[in-house]
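# Structural description and commentary
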Amino acid sequence: MDQDKEHLLQLQEIRSLMERSTKFISLSGLSGIVAGGIALAGAAVQYWYMEKEGRYMSCIKLSQDFLLFSIANFLGILILAVLSAYYFTQKKAKKNNQSLWDASSKRLLLNLATPLASGGAFCGVLYFYGLIGLLAPASLIFYGIALVNGSNYTLRDIRNLGFAEIALGFICAFNIGYGLLFWALGFGVLHIAYGIVMYYKYDRVQE
Amino acid sequence: MKNIIQNINKAFENRIRLGVMSILMVNDWVDFNTLKELLQVTDGNLASHITALEKEEYIQVRKAFIGKKPNTSFAVSKTGRKAFQEHLDALENLINSKKQ
């Protein structure tokens, strides 16, 4: 009977090592919740500004000021979200005894960054041709692809989040003018929902 | 019973050797320090088990330099992959036969 236990332990050990050596499992659910909150706040600020300028739903004619404000707002959201993700992830990595910068996290970042950078560049192209209305759907779709791609190297759940973002992106593409609303749904609400699910599934048990 | 245990490979009975093989099965080349970190063992301990696996020709060794520091990486060999797979199959069979 003791031998049985030993064999079972062997199998568990094999499985855990295979996973730990290829996947970055320290992604924190909390960072999803906070990033979602930041995105919602950013979208609210943007909405408020558009209302004030009376530009909601009109995709054409962008003044210099409006553009500068939007870019600053977007960059602010991005920086805050990345910082919060970094903070919560390194905290969890410490607890998991996994280093933040190892082969698995590098692989995850590379696989996330490739579609993301392509998406960012593509949004630049869209902007260059004045296709402002397609910016929100394009960013959602490329972000979704990045998540699906990255899911091979981290917690599997990210994959479904990616599919949801892609689907939302296409719905948004047929509802141009509601870009900000869909953007808030995709980057705000979905992140929060997923963050909560992941938090309950992985983080809470370990505490 | 005898022939079920037959395929349980003695070379993998040790926890560290088993760990090294598990990691190498799913990665291309892994260097010494990464193995050490994942398995949480000392240099000497890991080195001796790696030598054992090397002798069985289950793993390949690649020595290189990063700057002036020597850097050794390991990968699983064809023989090693086959042996490990057989070991896993044997474990599986053993557990399945117990269930019945």
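Residues numbered from 1 in each chain as written. Chains lettered and ligands numbered in written order. Predicted model: local features only at pLDDT ≥ 70, side-chain atom pairs only at ≥ 80, totals over all residues.

### A word on the overall build of chain A
Put simply, the test is: Numbering of helices and strands runs from the N terminus, with a helix taken as a DSSP run of H or I at least four residues long and a strand as a DSSP run of E at least two residues long. Here the C-beta atoms are placed from the backbone, and a residue counts as buried if at least 20 other C-beta atoms lie within 10 Å of its own, exposed if 12 or fewer do, and partly exposed otherwise. Residue pairs are scored as contacts if the distance between their C-beta atoms, which are placed from the backbone, is within 7 Å.
Across its full length, chain A holds seven helices and zero strands. When its helices and strands are written in sequence order, chain A yields α-α-α-α-α-α-α. Its C-alpha atoms put chain A at 75 × 30 × 25 Å along the principal axes. Sorting the 207 residues of chain A into buried and exposed places 33% on the buried side. A sequence separation of at least 24 residues applies to 75% of the contacts in chain A between residues at least 6 apart.

### Here we look at the pairing of strand S2 (residues 59-66) of chain B
The criterion, for reference: In short, DSSP must find at least two bridges between two strands for them to pair.
Pairing of S2 of chain B with strand S3 (residues 69-76) of chain B, which is carried by eight bridges, proceeds in the antiparallel orientation. Following the sheet pairing, Gln60 of chain B is matched in S3 of chain B by Ala75 of chain B.

### Observations regarding the environment of Arg15 of chain B
Topologically, Arg15 of chain B is positioned in helix H2 (residues 15-25). Under the C-beta neighbour-count criterion, Arg15 of chain B is labelled partly exposed, with 15 such atoms within 10 Å.

### As for the packing of H2 of chain B against helix H4 (residues 43-55) of chain B
Residue and element names in this part refer to chain B. The line we're drawing: To define axes, lines are fitted to C-alpha atoms, for helices over the stretch in contact only, and angles between the resulting N-to-C directions are given on a 0 to 180 degree scale. Put simply, angles under 35 degrees are roughly parallel, angles over 145 are roughly antiparallel, angles from 65 to 115 are roughly perpendicular, and the rest are oblique. Crossing handedness is defined as follows: a turn of the near helix away from the far one that is anticlockwise and smaller than a right angle gives a left-handed crossing, while the clockwise case is right-handed. Note on residue categories: nonpolar means Ala, Val, Leu, Ile, Met, Phe, Trp, Tyr, Cys or Pro, charged means Asp, Glu, Lys or Arg, and polar means any other residue, Gly included.
Direction vectors running N to C along H2 and H4 enclose 70 degrees, while the axes themselves pass 10 Å from each other. Relative to H4, H2 is oriented roughly perpendicular. Crossing hand, H2 versus H4: right-handed. Residues Ile16, Arg17 and Val20 of H2 lie in contact with H4, whose contacting residues are Asn45, Leu46, His49, Ile50, Ala52 and Leu53. Its residues placed into classes, the contact of H2 with H4 shows six nonpolar, two polar and one charged.

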